[in-house]
Amino acid sequence: HSSPDESEDQDLISGILRIVDKVWVLSVALFLDSSSVVEWTQSSEDNPHRPIDHQLSYETEWDMINAVSFRRKAHAHGDGGSNHTNDRNKWAFSFNVCDLRSITVKCEGWSYITFRLKDGTALPAIHFHQGGSTAFLDSLRKSVQINESPDDESVLIVSTYCKTFSQSFENLLDDTNYGLVQKFKKDPYTTTLGGFSKVTNYLFDAFRAPELECHQRPAEEVADLLGELIPGLEINQQEEPGFEVITRLDLGPRPEVQRRGPVTMEEWAKYQDSEGRITNVPHLKDLIFKGGLCHAVRREAWKFLLSYFPWNSTHEERKLLQKRKTDEYFRMKLQWKSVSEEQERRNSRLRDYRSLIEKDVNRTDRNNKFYEGLDNPGLILLHDILMTYCMYDFDLGYVQGMSDLLSPILFVMENEVDAFWCFVSFMDEMHENFEEQMQGMKTQLIQLSTLLRLLDLAFWNYLEAQDSGYLYFCFRWLLIRFKRELQFQDVLRLWEVMWTRLPCQNFHLLVCCAILDSEKQKIMDRKYGFNEILKHINELSMKLDIEEILSKSEWALETSEYGILESPQTSPRSTNRQDHVVSNGHSHLKETTHNGCKVAFIS
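Residues numbered from 1 in each chain as written. Predicted model: local features only at pLDDT ≥ 70, side-chain atom pairs only at ≥ 80, totals over all residues. Heavy atoms only, no water.

For clarity, the cut-off: UniProt positions are given in the numbering used here, feature names are shortened, and annotations may be inferred rather than shown by experiment.
Within an unreviewed UniProt entry, the label attached to the protein reads TBC1 domain family member 15, and the organism entered is Sinocyclocheilus anshuiensis. Its UniProt record, at the heading Function (unreviewed entry), says of the protein: "Acts as a GTPase activating protein for RAB7A. Does not act on RAB4, RAB5 or RAB6." On record in UniProt, under Subcellular location (unreviewed entry), the comment for the protein is "Cytoplasm".

Re a negative patch on the surface
So the rule is basically this: In this analysis, a patch consists of residues with relative accessible area above 30% that form no salt bridge, clustered at 9 Å for like charges and at 5 Å for the nonpolar side chains Val, Leu, Ile, Met, Phe, Trp and Tyr. Each accessible area is a Shrake-Rupley estimate made with a 1.4 Å probe; only the visible protein chains count as cover when residues are assessed. Think of a salt bridge as a Lys or Arg side-chain nitrogen and an Asp or Glu carboxyl oxygen that are within 4 Å of each other. Neither His nor the chain ends contribute to the count of charged residues, in which Lys and Arg are positive and Asp and Glu negative. To locate a charge, take atom NZ for lysine, CZ for arginine, CG for aspartate or CD for glutamate. For helices the rule is a DSSP run of H or I covering at least 4 residues; for strands it is a run of E covering at least 2, with both sets numbered from the N terminus onward.
On the surface, Glu148, Asp151, Asp152 and Glu153 cluster together to form a negatively charged patch. Locating Glu148 in the fold gives a position in strand β9 (residues 144-148).

Looking at the pattern of salt bridges
We count it as follows: Only protein chains enter the calculation, and the probe is 1.4 Å; a residue is then buried if its accessible area is under 20% of its type maximum, exposed if over 50%, and partly exposed in between.
Taken as a whole and judged by the stated rule, the model has 30 salt bridges. A salt bridge links Glu547 to Arg259; the shortest N-O distance between them is 3.1 Å. With a gap of 288 residues between them, Glu547 in helix α23 (residues 546-558) and Arg259 in the loop between β12 (244-248) and α8 (265-270) connect regions that are remote in the sequence. Exposure remark for Glu547: the relative accessible area of 30% places this residue in the partly exposed category. For Arg259, a relative accessible area of 18% puts it in the buried group. Among the salt bridges present, the one from Glu548 reaches Lys552, with a minimum N-O distance of 3.9 Å. Of this pair, Glu548 and Lys552 both sit in helix α23, 4 residues apart, which is roughly one turn of that helix. By relative accessible area, Lys552 is classed as partly exposed at 22%.

Things to note about the state of the cysteines
Threshold: Disulfide assignment relies on a single distance test, namely cysteine sulfur atoms paired within 2.5 Å.
Counted according to the given criterion, the structure contains 0 disulfides. Cys474 takes part in no disulfide bond, and the closest cysteine sulfur, belonging to Cys512, lies 5.2 Å away. A residue is classified by how much of its surface remains accessible, and Cys512, at 0% relative accessible area, is buried.

Digging into the nonpolar core
Under the convention used in this document: Here the nonpolar core consists of buried residues drawn from Ala, Val, Leu, Ile, Met, Phe, Trp, Tyr and Cys, with membership extended through side-chain atoms lying within 4.5 Å.
Residues Ile409 and Phe434 are the most contacted members of the largest nonpolar core, which totals 109 residues. In terms of residue count, helix α16 (residues 416-434) provides more of this core than any other element does, 11 residues in total. Residues Leu30, Ile113, Leu117 and Phe136 belong to the second largest nonpolar core, which totals 21 residues.

Things to note about helix α15 (residues 402-413)
The condition is simple: One less than the number of residues in a helix, times 1.5 Å, gives the span that helix is expected to have. Two residues form a contact once any of their heavy atoms are found within 4.5 Å.
Over its 12 residues, α15 extends 17 Å from the first C-alpha to the last, a length consistent with the 16 Å expected when each residue adds 1.5 Å. Burial analysis of α15 places 12 of its 12 residues in the buried class, which makes it a mostly covered element. Inspection of α15 places Met402, Ser403, Asp404, Leu405, Leu406, Ser407, Pro408, Ile409, Leu410, Phe411, Val412 and Met413 among the buried residues, and these make up the whole buried set. At its buried positions, α15 is contacted by α10 (295-305), α13 (348-361), α14 (377-392), α16 and α20 (488-498). Looking one or two places after α15, you find Glu414, whose phi comes out positive at around 50°.

Quick look at the packing of aromatic side chains
Note the cut-off: Aromatic contacts are taken between Phe, Tyr and Trp rings whose centres are within 6.5 Å, Trp giving its six-membered ring; a plane angle under 30 degrees counts as stacked, one over 60 as edge-to-face, and the others as tilted. Counted as over-ring charges are cases with an Arg CZ or a Lys NZ within 6 Å of the ring centre that also lie within 35 degrees of the ring normal.
In total, this model carries 26 aromatic pairs according to the counting rule given. Between the aromatic rings of Tyr389 and Phe423, the centroid separation amounts to 5.2 Å while the plane-to-plane angle is 70°, which identifies the pairing as edge-to-face. Note that Tyr389 is positioned in helix α14 and Phe423 in helix α16, a separation of 34 residues in sequence. An identical accessibility class is assigned to Tyr389 and Phe423; each is buried. Here the basic side chain of Lys325 rests over the ring of Trp421, its NZ or CZ set 4.1 Å away from the ring centre. The residue whose ring lies beneath Arg453 is Trp460, and the NZ or CZ to ring-centre distance is 5.5 Å.

Here we look at the packing of helix α17 (residues 439-455) against helix α18 (residues 457-465)
To describe two helices that pack against each other, one gives the angle between their axes and the distance between the axes. For clarity, the cut-off: Convention adopted: a line fitted to C-alpha atoms gives each axis, helices being fitted over their contacting stretch, and angles between N-to-C directions are expressed from 0 to 180 degrees. Any angle between 65 and 115 degrees counts as roughly perpendicular, while under 35 counts as roughly parallel, over 145 as roughly antiparallel, and the rest as oblique. Residues are sorted three ways: Asp, Glu, Lys and Arg are charged, Ala, Val, Leu, Ile, Met, Phe, Trp, Tyr, Cys and Pro are nonpolar, and all the rest, Gly among them, are polar.
As a packed pair, α17 and α18 sit with axes 5 Å apart at the nearest point and diverge in direction by 130°. Considering their axes alone, α17 and α18 lie oblique with respect to each other. Across from Ser449, Leu452, Arg453 and Leu455 in α17, the residues of α18 making contact are Leu457, Phe459, Trp460 and Leu463. Classifying every residue of the contact of α17 with α18 by side-chain character gives 6 nonpolar, 1 polar and 1 charged.

Details of the packing of α18 against helix α21 (residues 507-525)
How we decide: Each crossing gets its handedness from the near helix: less than a right angle anticlockwise from the far helix is left-handed, clockwise is right-handed.
For the pair α18 and α21, interaxial distance at closest approach is 11 Å and the crossing angle is 55°. The orientation of α18 with respect to α21, classified from their angle, is oblique. The hand of the α18/α21 crossing is left-handed. Here Ala458, Phe459 and Tyr462 of α18 lie close against α21, whose contacting residues are Leu516, Lys520, Ile523 and Met524. Split by residue class, the contact of α18 with α21 holds 6 nonpolar, no polar and 1 charged.

Thoughts on the environment of Glu436
The residue Glu436 is located in the loop between α16 and α17 in this model. Placed 37 residues apart in sequence, Glu436 and Val399 show a C-alpha to C-alpha distance of 9.5 Å.

Points about the environment of Gly132
Position of Gly132 relative to the elements: it lies in the loop between β8 (126-128) and α2 (133-141). Sequence spacing of Gly132 and Tyr112 is 20 residues, and the spatial spacing of their C-alpha atoms is 9.9 Å.

As for the side chain of His129
Where we set the bar: Nitrogen and oxygen atoms within 3.5 Å of one another constitute a polar contact, given that in protein one can donate a hydrogen and the other can accept it, and given that sequence-neighbouring residues count only through two side-chain atoms.
Of note, His129 is situated in the loop between β8 and α2. What makes His129 buried here is its relative accessible area of 13%. Of the polar contacts made by the side chain of His129, one reaches the side chain of His1; its length is 3.0 Å.

Thoughts on unusual backbone geometry
Along the chain, Leu502 connects to Pro503 via a cis peptide bond; the corresponding omega equals -5°. Tracing the sequence through the fold places Pro503 in the loop between α20 and α21. Backbone geometry at Glu414 places phi at a positive 50°, although glycine is not the residue there. By the element assignment, Glu414 lies in the loop between α15 and α16. Residue Glu414 is classed as partly exposed on the basis of its relative accessible area, which comes to 48%. Positive phi, close to 65°, is recorded for Arg501, a residue that is not glycine. Note that Arg501 resides in the loop between α20 and α21. Exposure remark for Arg501: the relative accessible area of 21% places this residue in the partly exposed category.

Pasting the structure below:
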């Protein structure tokens, strides 16, 4: 609106608000149309005549005023339009999102928003006469963090997202640095300084920048609010703005967690009806979570756990599904099998995928009898499935480490087609770990650090003092789900437990905390520094007790008053619960009532 008053003859200036991303710089810009200043009228039943020159934007969802009608104002002089063009231009603006401090959102029959920059500048109000403000803010949230102000619910506080972290991990998996974690065994100090030195500063900058930029509620208000929300919490108010360390005064003694034996063939059969449908799936999953599966059951059960077979499918439906999936698999396999040498010379991506796969296959689980020796059929199947996956998802293709995820699945299935489709399902979950930006790895490390800080503040503070608070020594654990840390049979047990999705989507983060809990005393008593921590964690490979880890991972949910990290998806056990959310800068603490038990989640 050209003037702040509510006069009926005020001018309305049309335009389009856009979020522009160019060369890592995100900006918001208001583009005004090229017409002169116009007056506007609203159509009504009393005025059936359509005004002239009805304005409709080609981007109707984000059009400022696409529901109002425009009529050009009469000008006293023939060139009056050019005078108004100067008036119109003064309303256009563009700013970097990093300079944005807050957004005020109000409603007067329609919504209007006002941007305020960090230097105190308040830009002209933008009126959305037929909606679109919510769509714009939702799009902006994809790139920045937006939180409601504690003082005024109409004000949204903005903090920018730092992309530096995502780029930093590219240094860990390129050809020159592949096998970085393997080199720890031979020379951990040199490897640490040579490899991780490339990413350490990026990690610190990426994590700490949002904390410095956040404009959150005052520390004393947060302390009061959290104290009321979750009794027994102590807030450590630090000088750094927008950042509070949340600790429990006393988690109480750890209860005994009783695990059971693996599900047997006889037990599995009891959960199938006459046509082959799986019955009472929640209870069956609970049994698998508590004890895993005996090996004879895995070949069939994993197909359900990995969503290859629907739980409610019959024997006949599964036969038809397998036949259809077999045809689909071999059509994709034929695509790369039929590529001639001449074609491959002109397809650098396919050539690179093949080269990486051949290297990785030749060093994947060669101590396992299923893959040992020369010209082993298991190695041939491993190679062919990975090449076919490149045809299935050519954009992702093959990334080093994916062979570790396929190997146990192929070992259990002993069938090329079944192993491929189960691997596809597993990769749907793990996909973000292997994408170029590695957003999944970034998110998991942030969540893990936040969770450990909540569960064991003393240990987290020690790691932070050793420049290890962001837990990037857990990178390999998260990337390939502990595949290089556990004995092969223990990997099978851990994965099937995690695939139940109990007690939450991110149970693997609790597994990380359980391992760290077992090692924390040794690390702290011996006063390990940055290099020693990396060396110690790497040397845990093949020395971990899977049952002890699973018991420690589970105790927090089962009987503790507070507990577990949950991803945004709904937990299988999250029924009849009441949630309260509190922001703590860059993550959220959520209190949940679950089966009469209070549980604290972080998301």
